[in-house]
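Here are the chains, one letter per residue:
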Amino acid sequence: MRTVKTLGLMGTGVIGGGWAARALHYGIDVIAADVKPEMEEWIRGAVANAEPALSRLTFAPLPPKGKLTFTTNLHEMAAKADFIQENIPENVELKQRVLAEVSRTAPADVIIASSTSGIMPTELQRDMVAPERLLVGHPFNPVYLLPLCELVGGEKTSAATIEAARKFYTYIGMHALHVRREVPGHLTDRLQEALWREILHLVNDGVATTGELDESIIYGPGLRWAAMGTNMIYHLAGGQPGMRHMLAQFGPCLKWPWTKLEAPELTEELIDRMVEGTQAQAGGRSIRELERLRDDYLVAIQQVLRQYNIGAGATLKAIETRLYEEQAAKAPAPEAGSAVRLDTEVRPDWVDYNGHMSDFRYPQVFGDALDKMYRKVGIDDAYRASGRMYYTVETHLTYGVEVKASEPIYVLTQVISVDDKRLHVFHTLHRRRDDQVVATGEQMHLHVNTAQAKASPVDPTVRARLEALRDAHAKLPRSKQQGRSIGMPKV
Ligand SMILES: NC(=O)c1ccc[n+]([C@@H]2O[C@H](COP(=O)([O-])OP(=O)(O)OC[C@H]3O[C@@H](n4cnc5c(N)ncnc54)[C@H](O)[C@@H]3O)[C@@H](O)[C@H]2O)c1
């Protein structure tokens, strides 16, 4: 299977737009095809709308953004793409026909994945040329922020197709979940629909409004689901004996039953209740406004989960590790006259009431700069896992010109001195638009054995790399802020 440089999209609606934003963000070119020419403007708008949240998801060094092109000619797309993702309406006959057509143009080593929410891949590959390269790659809206992608093979799908698709989706920051047996609705939509059916019954029977039902999820189970899912949470609900006790206690309820299984008839009255209920919940906010709110909290949740290396946070952490490693591998050996450089920007939530970057964010940015230098010299997750790390023991900050939300900035980090246990560094934070010095940070770090919480000698290879940086940085001009402390002139 091919290395994917260009992703071809068939159908550029809600899901096609989401795929485009995600792929472009991770440096993949996109050729988007839709039967409606007006979808070009739509997909460009969708990519732009995704940008504010996507750009805040990670500050790890991303490759240059991919390029987006649009065509109404499916065959042009099929001839140029290295991987094709189909996102046309959920209609078996339409998908079968279009997939078969595209498979006649796309070379046999180009994987074709369908975003279908519930159609089985065996049905989709029926009339295709080289059907072994067809799989379902089912994403979730918004595709650019939610990492889950269900991978489902049909009777003719090859194991190599599943493996190559897993590799590609992982590359663009996703969590590929292999659904080992095809079933209608795959895994997630089967679960979601069970809940959805019960919601429709409860609204239909006048038991609760859409708002009350959403409250029943967002203040409780929803918070638990994000990191542990239903089964682990129920395991905990069983107390010390875990799942066995949980089943003994609540098993009989399954027979009562609490749930109804068959969906209610979608009568006009039920449709009105659902629509009016959700309109009341929206409280006049537009879909765009609500999407922005949703995107912001999805970014925030994933960043918090990353601290616990759990669920979607673990996916984010893994991609960041890869991006940093790729950058470290590319970074040239230290040369005289070049400090270690970190490029980033002021996140909108870093500013104070003046609209400027808050004081307490500076050490955080210097911490990111230090992380970059650490990776360069071999202090990475494996080094930390071996129980060794530098701890900061002293910091002195000075502030120069101000910097505003979303402004591009960069940090230059110099090694001033290094010995067996101590590491003395100096950071200069600049605005990118005029290179002015925004702040400086001088720090002393102590190498520790983290298990014993005691100072310990640094690894000799790491020390040698730090010394090479120190020697290279010794030729850089010395900042007048270096070695300063706060002092009042004596009178
Ligand atoms: N919306 C969701 O939340 C969601 C989530 C996961 C998966 N999906 C699946 O993704 C697919 C697309 O859903 P959507 O919500 O983006 O639909 P959509 O209606 O927003 O977009 C479909 C697009 O396909 C285009 N199209 C129709 N026929 C075409 C053809 N022959 N060739 C090329 N383009 C064609 C349409 O012009 C339209 O732009 C469906 O299979 C759906 O089940 C949807």
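Before reading further, recall that the structure is shown in the block above.
Residues numbered from 1 in each chain as written. Predicted model: local features only at pLDDT ≥ 70, side-chain atom pairs only at ≥ 80, totals over all residues. Heavy atoms only, no water.

A. Focus on the site of the ligand. The environment of the ligand is formed by 21 residues, the closest being I15, D34, E90, K95 and S117. One of the backbone nitrogen or oxygen atoms of I15 is found 2.9 Å away from an oxygen atom of the ligand. A distance of 2.6 Å separates an oxygen atom of the ligand from a polar side-chain atom of E90. Taking 840 Å² as the accessible area of the ligand by itself, protein coverage stands at 78%. At the level of elements, α1 (14–25) and α4 (92–105) are the ones that each hand at least two residues to the shell around the ligand. The class makeup of the residues in the shell around the ligand is nine nonpolar, eight polar and four charged. (Near = heavy atom within 4 Å. Polar contact = N/O pair within 3.5 Å; in protein donor to acceptor, adjacent residues only side chain to side chain. Areas by Shrake-Rupley, 256 points an atom, 1.4 Å probe, with all protein chains shown as cover. Helix = DSSP H or I, 4+ residues; strand = E, 2+ residues; numbered from the N terminus. Nonpolar A, V, L, I, M, F, W, Y, C, P; charged D, E, K, R; others polar.)

B. Expanded view of the sheet that holds strand β1 (residues 6–10). If you walk across this open sheet you meet the eight strands as β3-β2-β1-β4-β5-β6-β7-β8, and the pairing is mixed. Each having just a single partner strand, β3 (68–71) and β8 (175–179) make up the two edges of the open sheet. Pairwise comparison of adjacent strand axes, ignoring direction, gives a mean angle of 25° for this sheet. Examined bridge by bridge, strand β6 (residues 134–138) and strand β7 (residues 148–153) share four bridges and lie antiparallel to one another. Its bridge partner lying in β7, V136 is registered against V152. Packing of helix α6 (residues 159–171) onto the sheet brings it into contact with β1, β4 (83–86), β5 (111–114), β6, β7 and β8, and relative to β7 it is tilted by some 170°. (Pairing = 2+ DSSP bridges. Axes fitted to C-alpha atoms, helices over the stretch in contact; angles between N-to-C directions. Contact = heavy atoms within 4.5 Å.)

C. Broad picture of the nonpolar core. Counting residues in hydrophobic clusters, the biggest one holds 45 residues, and the most contacted among them are V30, F83 and Y169. Counting residues per element, this core draws most heavily on helix α2 (residues 39–57), at seven residues. Not counting residues up to four positions away in its chain, the partners in contact with V30 are L7, L9, A20, A23, L24, K67, L68 and T69. (Core = buried A, V, L, I, M, F, W, Y, C linked by side-chain atoms within 4.5 Å. Buried < 20%, exposed > 50% of the residue type's maximum accessible area, 1.4 Å probe, protein only.)

D. Examining the pairing of strand β11 (residues 408–418) more closely. In terms of strand pairing, strand β9 (residues 340–345) meets β11 through six bridges, oriented antiparallel. Within β11, the residue paired with V340 across the bridge is T413. Here nine bridges tie β11 to strand β12 (residues 422–431), and the two strands are oriented antiparallel to one another. Bridge assignment links V418 to a residue of β12, and that residue is L423. In sequence, β11 turns back onto β12 through a hairpin of three residues.

E. The arrangement of the pattern of salt bridges in detail. One pass over the full model with this rule turns up 26 salt bridges. As a salt-bridge pair, R322 and E326 come within 3.1 Å of each other at their nearest N and O atoms. In this pair, R322 and E326 both sit in helix α13 (residues 311–330), four residues apart, roughly one turn of the helix. Note that D343 and R432 form a salt bridge whose closest N and O atoms lie 3.3 Å from each other. Here R432 lies in the loop between β12 and β13 (437–449) and D343 lies in strand β9, a separation of 89 residues in the sequence. Judged by relative accessible area, which is 36%, D343 ranks as partly exposed. It is possible to trace a salt-bridge network through shared partners that takes in R2, D82 and D109. (Salt bridge = Lys/Arg side-chain N within 4 Å of Asp/Glu carboxyl O.)

F. Quick peek at a nonpolar patch on the surface. The grouping of M228, M232 and L236 at the surface amounts to a nonpolar patch, some 290 Å² of accessible area in total. Among the structural elements, M228 can be located in helix α9 (residues 221–237). (Patch = residues over 30% accessible without salt bridge, like charges linked within 9 Å, V, L, I, M, F, W, Y side chains within 5 Å.)

G. Up close: the side chain of D82. Relative to the elements of secondary structure, D82 occurs in the loop between α3 (74–80) and β4. Among the polar contacts listed, one links the side chain of D82 to the side chain of R2, at a separation of 3.1 Å. When near neighbours in sequence (up to four residues on either side) are disregarded, D82 contacts R2, T3, V4, K5, T6, V110 and I111.

H. Spotlight on helix α7 (residues 188–204). For α7, built from 17 residues, the straight-helix expectation of 24 Å at 1.5 Å per residue is met to within 8% by its first-to-last C-alpha distance of 24 Å. Of the positions making up α7, those classed as buried are T188, D189, R197, E198, I199, L200, H201 and V203. The inward-facing, buried residues of α7 contact β6, β7, α8 (210–218) and α11 (268–282). G206 occupies a position one or two residues after α7 and carries a positive phi of about 70°. (Expected span 1.5 Å × (residues − 1).)

These figures capture arrangement, not role.
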